[in-house]
Amino acid sequence: MATKSKFITTTLSRTQQILLGTFLILLSVLLIVAFLSFFTTWQSDQSLLLEFSNRNAEAQNAAKKFGALIAYFFIYQLFGIASTIWVGVLFVTGLHYFVGSNATKLPSHWLWGSSAVVWFSLFFGFFFQNQPLLGGVVGYEINHFLQDYIGWIGVALLLLFGLIIFLVVQLKFTPENIAAFFSSEKSDSEANTVSAAEEEAPSPSISLKKESQTTRFEIDKETLKPTISKHSSIESSSENKTPKTNDSSELTMEIEVTEEETTPEDQLAKRLVKDYGEFDPTLELKNYKYPSIDLLKDYSNGGGITINQEELEENKEKIVDTLRNYKIDIAQIKATIGPTVTLYEIVPEAGVRISKIKNLEDDIALSLSALGIRIIAPIPGKGTIGIEVPNKNSTIVSMRSVIASTKFAEAEMELPLALGKTISNETFVVDLAKMPHLLMAGATGQGKSVGLNAVLTSLLYKKHPSEIKFVLVDPKKVELTLFNKIERHFLAKLPDTDEAIITDNKQVINTLNSLCIEMDNRYDMLKNAMCRNIKEYNTKFKNRKLNPNDGNTFLPYIVLIIDEFADLIMTAGKEVETPIARLAQLARAVGIHLIIATQRPSVNVITGLIKANFPARIAFRVTSKIDSRTILDSGGADQLIGRGDMLFTQGHELIRLQCAFVDTPEVEKVTDYIGSQRAYPTAHELPEYIGEESGTSLDDNISERDGLFKEAAEVIVNAQQGSASLLQRKMKLGYNRAGRIIDQLEAAGIVGPFEGSKARQVLIKDALSLQAFFDNENTNS
């Protein structure tokens, strides 16, 4: 050991030891910050793992991309929360080198630290199998590997043996030391008992002496707060715990006077309500009639779900036989029949591992010859395992049936959405105001557009035009056109625009920024009214406690619906993502809610920033498990059967639903009925937003042009295509620099303005004209 110490001290100079120690200490601080931040940001940062080199992607981890990646590797992929022990050992190592202490014990620290990491990883993997962040992948896999060979009892004994090794070797816990410890504790307690008995007599006299120092309550008439005088650490006697009679009466009288005091504003509001009644926002369209249920079609033909008893028994037998082939016995099995899927709940015999049944998903699907088998192991809140099997003959869930249901009719919600029916054939109704935003995704033709129509129809049947306004964004230009008929009833738009349904990408950007202005204006109104949310504000306004002359007005809910979000992200990128993220983070309290649908649920479309602010998600059928995890953070959407079959989550459990079907003719009838009634003079106008015109600041600043301006102009003119992506490919530029050059080319008059998804028009037709343009500029300058 002496030789080793000499080797260590002579290898590094004192300066090198200080520098190495400082580096290790700072590195350990960075790692512990990254690890702790990972537990709150791992969901929003998961999309960054595949685009680490993308500088435009921003991580939420406190240590940014390095922290997100290193924490994901150590905590999730390796040993879970136990990896933080290594950070502590790294800090101790740095401290050893920094202070120049003897480093011979460092190998022992690393040996015991690594052993503790493995032990705790196995411990958490054994006791918390459903929490992968605690034990990590290594702890989970080692635990299952050992259980396959020595069972759970063997693993528990192995953990106990590891703990005993540490106690004996490191803490010197031996039977002799433990016996000596308890014998000394016993002698100390006997000694304390004797001394306590000797001092027991004087205690009553102390209590009598302190009797005069009682606790009294005095009433401060201005603040009505009790104050304590002559406070003693000795407890008061029982008679002193009761306040004096005159004190209590003074307290009661003061409280009654305070309750009777009212402000002049409250008195005026009460008088106005008494004379005119509460403010009614529906009076302007007081003759408005809600759509009739007869406008919707009934697809059930008067019957409910058809039960095929033979199919049920056949599927039960196949499930039991398949599990028996793998030596899994079933104690009980029962079926719950839904519109499109039947849930078979099984109770396995004691000792059967759930993961073993979960791994047989494909085998059960093969034996049943069915598409879309999904195993829920276990079902939340029940002691059973669920196997969802599609019905051979599915039943259509009509929009009429869910709108007519008692659950929807009696729903005491601000913005009720009747999405469809559950596996148990119950109508599923949720409140958009509590979500507060909804993300919908799924492959083409799986039911997204029908789902959006179901959402819109639910709100049209439940809300008055004065209570809600829609901002509809339809890049495909054909999905939401039917709602043009209710423009002056329910739609909101920018001033001086012809179409209320937005199809142009530039108009989308202006509308989103206008909604941000509306959000800020509403927050100012809530602040002045001293309200926390739109519900409190509107209640105050209806009770006439807010003066309209002060800028107060009744605030309708605003629901922004975007049908194809991927197209907007591809063409506008950050210009769209930034205001949407801002609205998603802040707009809930002021009654602005977002519903976003996309058919391409990739991580560059549904980014971590968006997912973090959309806890409520609907997934229709997708083509891969990766897409399912992108939407729901779990698999399952790839096993749906399509045609409105969907999974809904609000941040916890997944609920399988059959989306309510509302056909285009039904939507047309509803919008015709509403559109035929008296309406407001115009659509609800959003605040005006004037976008910054690109390039205007560079009109007269030729000296500030990019060094590659002329070369870029030649590339654009030769290709006759004005786009930043062309400059990125041809000149190997980053996106930001290419975008700035395009702005400068527009300011110079070489390319035209931004035209949404189209490339900009090139205003100079050939290279000779471009050269003449530059010569003319040089002459003028």
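Because the structure is a prediction, the values reported are computed rather than measured.

Quick notes on the rules
Here, residues in each chain are numbered from 1, in the same order as that chain's written sequence. Thresholds applied to this predicted model are a pLDDT of at least 70 for local features of residues and 80 or more for the giving and counting of side-chain atom pairs; totals over whole chains, interfaces and linings are not thresholded and use all residues. Only heavy atoms go into the side-chain values, all of them from the structure, while hydrogens and water stay out. Runs of H or I in DSSP of at least four residues are treated as helices and runs of E of at least two as strands, each being numbered from the N terminus. Working rule for helices: expected span equals 1.5 Å times residues minus one. Only protein chains enter the accessibility calculation, which uses a 1.4 Å probe; a residue is then buried when its area is under 20% of its type maximum, exposed when over 50%, and partly exposed in between. Arc definition: directions from the helix axis to the C-beta atoms. When checking whether two residues touch, look at their non-hydrogen atoms; a contact exists if any pair is within 4.5 Å. Whenever a helix is involved, its axis is fitted only over the stretch in contact; in every case the axis is a line through C-alpha atoms, and angles between N-to-C directions fall within 0 to 180 degrees. Note that the term roughly parallel is reserved for angles under 35 degrees, roughly antiparallel for angles over 145, roughly perpendicular for angles of 65 to 115, and oblique for everything else. Under the scheme applied here, ten amino acids are nonpolar (Ala, Val, Leu, Ile, Met, Phe, Trp, Tyr, Cys and Pro), four are charged (Asp, Glu, Lys and Arg), and all others, including Gly, are polar. As a per-residue quantity, pLDDT reports the predictor's confidence and falls between 0 and 100. The pairing criterion for strands is at least two bridges between them, as found by DSSP.

Chemist: It is not clear to me how helix 24 (residues 664-675) should be interpreted in this structure. Could you clarify?
Modeler: Because an α-helix packs 3.6 residues into every turn, residues spaced three or four apart end up facing the same way. For helix 24, which comprises 12 residues, the first-to-last C-alpha distance of 16 Å matches the rise-based estimate of 16 Å (1.5 Å per residue) to within 8%. The complete set of buried residues in helix 24 reads E666, V667, V670, T671 and I674. One face of helix 24 carries all of its buried residues, which in axial projection span an arc of 130°. Those residues of helix 24 that are buried lie in contact with helix 16 (448-462) and helix 17 (487-490).

Chemist: Quick question: what am I supposed to make of the side chain of Q446 here?
Modeler: When you line up the elements, Q446 lands in the loop between strand 9 (438-441) and helix 16. Assessed through its relative accessible area of 14%, Q446 is described here as buried. With residues up to four places along the chain from it excluded, the contact list for Q446 reads F620, R621, G642, R643 and G644.

Chemist: Help me understand the packing of helix 20 (residues 565-572) against helix 21 (residues 574-586) in this model?
Modeler: Describing two packed helices takes the angle between their axes plus the distance from one axis to the other. The N-to-C vectors of helix 20 and helix 21 enclose an angle of 120°; their axes lie 7 Å apart at closest approach. Between helix 20 and helix 21, the crossing angle belongs to the class labelled oblique. Between helix 20, through F565, L568, I569 and A572, and helix 21, the contact on the second element is made entirely by K574, E575, V576, E577 and I580. Looking at the contact of helix 20 with helix 21 residue by residue, the classes come out as 6 nonpolar, no polar and 3 charged.

Chemist: For this particular structure, what's the right way to read the confidence of the model for the protein chain?
Modeler: Atomic detail in the predicted coordinates should be set aside for any region of low pLDDT. In this model, the protein chain carries an average pLDDT of 79, and 82% of its residues clear a pLDDT of 70 or more. Across residues 193-260, confidence stays below pLDDT 50; counting only partners more than four residues off in sequence or on other chains, it has 30 contacts.

Chemist: I'm lost on the sheet that holds strand 6 (residues 385-390) in this one. Help?
Modeler: Within a sheet, neighbouring strands are paired by backbone hydrogen bonds and run either parallel or antiparallel to one another. Across the sheet, which stays open at both edges, the 4 strands sit in the order 3-4-6-5 with antiparallel pairing between neighbours. Strands with a single pairing partner mark the edges of an open sheet, and in this sheet they are strand 3 (330-337) and strand 5 (374-376). Averaged over all pairs of adjacent strands, the angle between their axes in this sheet comes to 20°, without regard to strand direction. Here 7 bridges tie strand 3 to strand 4 (residues 341-348), and the two strands are oriented antiparallel to one another. Note that in strand 4 the partner of Q332 across the bridge is V347. Its contacts with the sheet put helix 11 (residues 309-325) on strand 3, strand 4 and strand 6, and the angle it makes with strand 3 is roughly 145°.

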